[in-house]
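Architecture at a glance
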Amino acid sequence: MNAPLKGGEFLIKDVDYNDVFIPEEFDEEQLMIAETCADFVETGIAPNFAALDNHQEGLMPALLKKAGEMGLLGISIPEEYEGFGQSFLTNMKANEAVGSAYSFSVAFMAHTGIGTLPLAYYGNDTQKEKYLADLATGKRLAAYCLTEPGAGSDANAGKTKAVLTEDGKHYILNGQKMWITNGGFADLLTVFAKIDNDRVLSAFLVEAHWEGITMNPEEHKMGIKGSSTRQIFFNDVKVPVENLLGRRGEGFRIALNILHIGRIKLGATVIGGMKRSINYSVTYANERKQFGSFLSAFGAIKHKMGEQVIKTFATESAVYRASKDVDNSIEALKAEGKTYGKANINGAAEFEPECALLKVYGSESLDYIVDEMVQIYGGMGFSSEAPADRSYRDSRINRIFEGTNEINRLIIVDSTMKKGLKHKIALFEAANALLENLDSIEEADSSSGEYFEMKHAQVKNLKKASILFLPVIQKAFGRKLMFEEEVLMNISDMMMNTYILESTLLRVEKIDKLGLKPDSSLYKDILDVLAQDVIRAVNKSGFDIIGSVAEGDEKAKLCTALNTLTKVAPVNVKESRRHVADKLIDEGRYNF
Ligand SMILES: Cc1cc2nc3c(=O)[nH]c(=O)nc-3n(C[C@H](O)[C@H](O)[C@H](O)COP(=O)(O)OP(=O)(O)OC[C@H]3O[C@@H](n4cnc5c(N)ncnc54)[C@H](O)[C@@H]3O)c2cc1C
């Protein structure tokens, strides 16, 4: 075992497959918890998908409370507050299982994540005693109120205000929040507001029945129609001072730290949606005949299904690798004596770049998968009678909430660069050394050598390509770098793609070396297709940067370096995708 990697450090260090967790290593208890969630979704939620979308009165809160009675709302909450005290990793696996439940999964995640975690991690003992067990068991339901009409991505721009009363016993809360998930029925709201003339937010625990709280009717949305989304108004609401969460002015930090967790959680949640969509796709393709053949016999359809599986497998590999890293980090912090809250917050915050990139990759992969699902269904994909309609509409929100994908792409680069600038990781040292020795860059030898050695050489070169341009853009733009978002998006995509490919490589290598699956060539096919696509995508991103930044001699040198680092010999992706699709077609469901 090597020393654990810090967040973002994957870009500059080699990683051994023995040092990562892969989904094949979930133990029986973890699988049993996930199975319980999956059973609950299939028996309790799936029959209600349409009723939920039609906003059947009281149905969503009733189903959430049912989940609470079964203990599913408290999986990660400590046992002293009537939770199950399960690990971060186990909780992620449970989230995947619930993630296939369309609108219900949004309500569930809002309650268990952004709704409950601010209290769980920042609440004092009195606050936790008053509310936490109720949230873990579903006696009370929760919502998170950050966004305002004028403060979306720029969350700290909120105008909601809290003024301390003269007797010092209450804050008087005034303002407006919008897009609040679970708003229509939540009992406990975590509300972000500025105290007096503070420039930063504070957080408050607000009971929804308190006088002065009103709301607009349900929003009419493109998708996740069953989830409650409201505007909430606070008019002279009296909030007892003891309901200030954390310290005065700590609200923005709380909001950000909870969002790191929300992002990796979203990465896990979308895997549930991916698998459900793939299962529907293959079932339809195996039943529908055209030109005398089942759709699943056509190469173009196999291509789509192969890609659906590859993206799901890659997302899974990366999400659970990162979840275990967060878990290990949490446990190490606890061992150092950090409290439950601090350990969880800092454990996830350490992996800020990874959390952001998982959100982006996961949400965009789900969008790809549901889009191809509609296509596989043909005309029926466009009909509300078939499930492709709901899958397609419900997927789209994932690129918008928990920080839009643009904001998350900026976070990937920004948080990684900050780690480098603060010398938490030797990022710029590695990048500068690379730039000074451009002539000694070598291509990954794809014509000889052991299979996994070659793949590691490819990934190592992608890491170099991902960091190579950091000093270049710093020099070119200096303090104005933050205004050069197009270039930052390119770098972000390079980093994201590299992490996804490396995670998939390490999983496939572990499967192969430990003999965890009967047909390891299948997993090499997944890796081959992904590697070719990722390497070419990284080349494109780098190419865009060079054209936007460099001139003359430097341009030529960077081009040569990039092309050397991203050189890849064509593989037979047609046969590889077919191999993957054929397993799916034979088994009729995602089982990889
Ligand atoms: C269904 C739904 C449920 C939600 N649930 C909740 C909830 O429970 N609680 C809560 O507090 N909020 C919630 N939200 C709000 C959500 O988090 C915000 O919608 C999101 O953060 C984006 O803010 P915005 O809508 O104001 O878009 P804007 O911030 O106005 O962004 C519009 C576009 O501009 C881009 N953009 C903005 N700033 C930049 C920048 N600096 N650089 C590049 N591009 C930029 C964005 O990426 C986006 O593409 C929910 C939203 C929806 C739609």
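No experiment lies behind these values; they were computed from the predicted model shown. (Residues numbered from 1 in each chain as written. Predicted model: local features only at pLDDT ≥ 70, side-chain atom pairs only at ≥ 80, totals over all residues.)

**Details of the overall build of the chain**
When helices and strands are counted, the chain shows 19 helices and 10 strands. Over its C-alpha trace the chain gives a radius of gyration of 24 Å, about what one expects of a compact globule, namely 25 Å for 592 residues. Burial analysis of the chain (592 residues in total) assigns 51% to the buried set. Considering only residue pairs separated by 6 or more positions, the chain has 77% of its internal contacts joining residues 24 or more positions apart. (Helix = DSSP H or I, 4+ residues; strand = E, 2+ residues; numbered from the N terminus. Rg over C-alpha atoms; globule rule 2.2 N^0.38 Å. Buried ≥ 20, exposed ≤ 12 C-beta atoms within 10 Å, placed from the backbone. Contact = placed C-beta atoms within 7 Å.)

**Things to note about helix H11 (residues 352–377)**
Counted at 1.5 Å a residue, the expected span for H11 with its 26 residues is 38 Å, and the 38 Å between its end C-alpha atoms agrees. For H11, a buried count of 20 out of 26 residues is recorded, marking the element as mostly surrounded by other parts of the structure. At the C-terminal side of H11, Gly-378 shows a positive phi close to 60°. (Expected span 1.5 Å × (residues − 1).)

**Remarks on the site of the ligand**
In the vicinity of the ligand there are 21 residues, among which Leu-146, Gly-152, Ser-153, Trp-179 and Thr-404 approach most closely. Of all elements in the fold, only strand E1 (142–145), strand E3 (170–181) and helix H13 (405–421) reach the threshold of two or more residues within the shell around the ligand. When residues of the shell around the ligand are assigned to domains, at least three fall in each of domain 2 (144–245) and domain 3 (251–407). (Near = placed C-beta within 6 Å. Domains from an automatic or database assignment.)

**Structural notes on the nonpolar core**
In terms of nonpolar packing, the biggest core is built from 171 residues, with Leu-173 and Phe-204 touching the most fellow members. The dominant element in this core, judged by the number of residues it contributes, is helix H8 (residues 251–287), at 16 residues. Here Leu-173 is in contact with Thr-160, Ala-162, Val-191, Ala-193, Phe-204, Val-206, Phe-234, Val-237 and Val-239, once residues within four sequence places are set aside. (Core = buried A, V, L, I, M, F, W, Y, C linked by C-beta atoms within 7 Å.)

**Section: the domain arrangement of the chain**
Under the domain assignment, the chain is made up of domain 1 (23–140), domain 2 (144–245), domain 3 (251–407) and domain 4 (426–587). Each of domain 1 and domain 3 has a C-alpha centre, and these two points are 18 Å apart. Between domain 1 and domain 3, the contact holds 24 residues from the first and 27 residues from the second. Contributing elements (two or more residues each) for the side of domain 1 that touches domain 3: helix H4 (88–98), helix H5 (102–115) and helix H6 (117–122). Looking at which element gives the most residues to the side of domain 1 that touches domain 3, the answer is H4, with seven residues.

**Things to note about helix H15 (residues 451–477)**
Because an α-helix completes one turn every 3.6 residues, residues spaced three or four positions apart along the sequence face the same direction. Here H15 contains 27 residues, and its C-alpha end-to-end distance of 40 Å stays within 8% of the 39 Å for a straight helix at 1.5 Å per residue. Positive backbone phi, approximately 55°, marks Gly-478, located one or two places after H15.

**Let's talk about the environment of Ala-94**
Among the structural elements, Ala-94 can be located in helix H4. If near-sequence neighbours (up to four positions away) are discounted, Ala-94 is found in contact with Ile-33, Ala-34, Cys-37 and Ile-75.

**With respect to the packing of helix H14 (residues 427–436) against H15**
Packing of H14 against H15 leaves a shortest axis separation of 8 Å and a crossing angle of 90°. For the element pair H14 / H15, the angle class is roughly perpendicular. Note on element contacts: H15 touches H14 through Lys-464, Ile-467, Leu-468, Leu-470 and Pro-471, opposite Leu-427, Phe-428, Ala-430, Ala-431, Asn-432, Leu-434 and Leu-435. Split by residue class, the contact of H14 with H15 holds 10 nonpolar, one polar and one charged. (Axes fitted to C-alpha atoms, helices over the stretch in contact; angles between N-to-C directions. Parallel < 35°, antiparallel > 145°, perpendicular 65-115°, else oblique. Nonpolar A, V, L, I, M, F, W, Y, C, P; charged D, E, K, R; others polar.)

**As for the pairing of strand E4 (residues 188–195)**
In regular strands, side chains alternate between the two faces of the sheet. Burial analysis of E4 places seven of its eight residues in the buried class, the great majority of the element. Bridge analysis of E1 against E4 gives four bridges, and the strand direction is parallel. Paired with Cys-145 across the two strands is Val-191, which belongs to E4. Sheet topology places strand E2 (residues 161–164) next to E4; two bridges connect them, and they run parallel. Residue pairing across strands places Ala-162 opposite Ile-195, the latter belonging to E4. Looking at chain direction, E4 and strand E5 (residues 202–207) are connected through six bridges and run antiparallel. Following the sheet pairing, Leu-188 is matched in E5 by Glu-207. (Pairing = 2+ DSSP bridges.)

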